[in-house]
Amino acid sequence: MNKKWAAKRLTINLTSSEAQKLEQYCSITGRPATDVIRELIRSLSYKEEKASELS
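Residues numbered from 1 in each chain as written. Predicted model: local features only at pLDDT ≥ 70, side-chain atom pairs only at ≥ 80, totals over all residues. Heavy atoms only, no water.

**A few points about the pattern of salt bridges**
A side chain with one charge may pair with a side chain of the opposite charge, provided their charged atoms come close.
Item 1. By the definition in use, this model includes two salt bridges.
Item 2. Here R31 ties to E39 by a salt bridge, and the two come within 2.7 Å at their closest N and O atoms.
Item 3. Judged by its relative accessible area of 43%, E39 falls in the partly exposed class. (Salt bridge = Lys/Arg side-chain N within 4 Å of Asp/Glu carboxyl O. Buried < 20%, exposed > 50% of the residue type's maximum accessible area, 1.4 Å probe, protein only.)

And the structure:
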């Protein structure tokens, strides 16, 4: 395993429809699920004040 990506391992539970949607997207785009999920996480945005409220 590439140590660059070994910072955090995450397990998620998906409904069957969510898993199917992800698999179909990956099949169409030829991208692995890990890359798709990582890109979605990177696209999340929030304001600094909201982050401090969550703490």
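**Describing the environment of T29**
Item 1. As for its placement among the helices and strands, T29 is situated in helix 1 (residues 16-29).
Item 2. At 2.9 Å, the side chain of T29 and the backbone oxygen of Y25 are in polar contact. (Helix = DSSP H or I, 4+ residues; strand = E, 2+ residues; numbered from the N terminus. Polar contact = N/O pair within 3.5 Å; in protein donor to acceptor, adjacent residues only side chain to side chain.)

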